[in-house]
Amino acid sequence: MEIIFLIIILILLITTVFEYLRKKNSNSIIEIIIEIIVIAISIIYLLNTTAKNTIVNSIILTLGIVFPIIIKILTYKKINITDIYYNIKLNDNSLETRDFILEKISKHPMNPRWHKRLAKYYEENIQYEKAEEEYFTIIEIEPNNYQTYYDLSKIFEIENKINEQIVILENLISKNPEDYNAKMKLGMAYYNNSEYKEAAIIYQRLLKTNPGKYDIYYNLGMTYIMLNDFLQAKENYEKAARINSYHEISNLSIGQINMILRDYDEAKKYFFEEKDSEDEKISAYSYYYLAKIALIEGEYEKAILYSNTALELYPSIKKVIESELRFKVIYGKIELNYQKEETKTNIKEKDENIIKYLENIYNKVDTLTDNIEHQLQSNENIDREIEK
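Residues numbered from 1 in each chain as written. Predicted model: local features only at pLDDT ≥ 70, side-chain atom pairs only at ≥ 80, totals over all residues. Heavy atoms only, no water.

Some thoughts on the confidence of the model for the chain
Where we set the bar: Every residue is assigned a pLDDT by the predictor, reflecting its confidence on a scale from 0 to 100. Pairs of residues are marked as contacts when any of their non-hydrogen atoms sit within 4.5 Å.
With 89% of its residues at a pLDDT of 70 or more, the chain has an overall mean of 85. Segment residues 370-376 is flagged for pLDDT under 50; beyond a separation of four residues in sequence, or across chains, it makes 1 contact in the model.

Right, here's the structure in full:
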């Protein structure tokens with residue numbers, strides 16, 4: 001048995017040496033050291049012992065075979081043992097940590113790992129410009145280190161340097177054309193920069209190779225809304241809702257779009273579907289829009305009930321209700337002073353902005369329609385007077 005263990009360890013050692021020569025991975029150095037120590041122990045054990053010792057065999061098995069296999073798995077998953085060690089050692093954001101990293105960089109100026117640790121240190125301490133410098137240094141050392149481009153793009157996003165973010169993401173995609181995450185982030189960067197046509201092109205191209213991705217359909221729906229193409233937006237939201245279990249926000253947007261298109265019966269279907277959502281903000285907005293439709297249809301008791309439910313779920317919706325002239329007819333019968341510590345919601349800022357944008361579009365369309373209807377009524381009155 002001991003001979004078999006020794007042969008397996010020798011094979012592992014040979015493969016690890018070749019792996020190190022190819023990739024210069026620090027995990028391989030650790031593995032080689034462990035295997036050499038275990039081989040030495042095994043040889044001494046075999047030369048000086050005739051009786052088998054279960055404990056020694058267990059140690060040889062664990063150190064010489066199990067540990068190296070674990071290290072190989074970590075290497076395959078691109079987890080570096082030295083990184084784990086230094087992440088534990090450098091787990092604070094003190095000046096001592098910074099000085100320790102800077103000392104390592106002075107000794108190993110071309111080692112990208114230390115520049116990355118320094119960049120992360122600056123990130124944690126909100127020193128984003130210094131973090132940028134370190135990421136650019138890493139790119140100079142390793143032009144094909146794709147993760148660094150991505151990390152740098154996130155720094156630009158935090159700093160609201162959208163143009164710089166677009167440039168770095170375009171560079172990344174030119175080097176790694178199959179990077180899905182980079183393309184999604186580029187689409188959102190175009191969106192945040194109000195370049196909606198460019199964002200739509202990115203998402204449409206992504207759909208050709210990723211036809212079942214919820215995020216693409218949802219982002220494309222948002223983009224079409226900003227292009228005021230509500231039919232395309234509705235179509236993409238519907239596809240997103242069919243794919244993802246968290247479809248409430250898509251349904252809410254579809255309901256809003258149906259209101260803009262004056263299809264109130266269709267809008268009600270979506271709002272009724274989401275009025276009992278576990279997401280209290282989505283539920284509140286659904287009740288708000290049901291109240292709005294009830295007012296349009298002259299069903300004031302329903303409007304009061306829906307309004308109070310919306311306010312109870314999400315008291316801050318009071319601002320939306322107070323800005324809406326239609327609700328003034330029921331002000332005396334709705335409770336505008338609900339208090340609540342916290343509303344359970346998963347709605348993100350970009351989702352909230354879409355809800356507000358669609359609300360503004362509906363109000364503009366509503367005002368325009370009212371003016372047209374008023375003008376038509378006036379014309380009819382004038383025609384009747386002329387006939388008399």
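That was the structure; now back to the text.
Focus on the nonpolar core
Here is the rule: Buried Ala, Val, Leu, Ile, Met, Phe, Trp, Tyr and Cys residues form a nonpolar core when they are joined through side-chain atoms within 4.5 Å. Burial classification: accessible surface area is computed with a 1.4 Å probe over protein chains only, and a residue below 20% of its type maximum counts as buried, one above 50% as exposed, and the rest as partly exposed.
Ranked by internal contacts, the top residues of the largest apolar core, which has 89 residues, are Ile225 and Ile317. Within the second largest apolar cluster, 12 residues are counted, among which are Phe5, Leu6, Val38 and Ile39.

A look at the pattern of salt bridges
Counted only if it meets this: By definition, a salt bridge exists where a carboxyl oxygen of Asp or Glu is found within 4 Å of a side-chain nitrogen of Lys or Arg. For the purposes of this entry, the term helix denotes a DSSP run of H or I that reaches at least four residues, the term strand denotes a run of E that reaches at least two, and both are numbered from the N terminus.
With the rule as written, the count across this model stands at 17 salt bridges. In this structure, lysine 154 and aspartate 151 form a salt bridge, with 4.0 Å as the shortest nitrogen-oxygen distance. In this pair, lysine 154 and aspartate 151 both sit in helix H8 (residues 146-158), 3 residues apart, roughly one turn of the helix. The exposure class assigned to aspartate 151 is buried, which follows from its relative accessible area of 4%. When the shortest N-O distance is used, the salt bridge between glutamate 297 and lysine 268 registers 3.3 Å. Placement of the pair is glutamate 297 in the loop between helix H16 (280-296) and helix H17 (300-313) and lysine 268 in helix H15 (residues 264-274), with a sequence separation of 29 residues.

Quick look at the environment of phenylalanine 272
Structurally, phenylalanine 272 can be placed in helix H15. Residues phenylalanine 272 and tyrosine 287 lie 15 residues apart in sequence; the distance between their C-alpha atoms is 8.1 Å. Those residues in contact with phenylalanine 272 that sit more than four places away from it in its chain are Leu290 and Tyr306.

Some thoughts on helix H14 (residues 248-260)
How we decide: Helices are assigned an expected span. That span is 1.5 Å times one less than the residue count.
For H14, with 13 residues, the first-to-last C-alpha span of 19 Å sits near the 18 Å given by 1.5 Å per residue. The element H14 is extensively covered by neighbouring structure, given that 13 of its 13 residues are classed as buried. Note on H14: the residue one or two positions beyond its end, arginine 262, has a positive phi of about 65°.

Brief notes about unusual backbone geometry
Excluding glycine, residues mostly carry a negative phi; peptide bonds, for their part, are mostly trans. If you check the backbone angles, serine 194 has positive phi at about 60° while not being a glycine. Position of serine 194 relative to the elements: it lies in the loop between helix H10 (180-192) and helix H11 (196-209). Under the relative-accessibility criterion, serine 194 is labelled partly exposed at 48%. The backbone phi angle of asparagine 228 is positive, close to 60°, even though this residue is not glycine.

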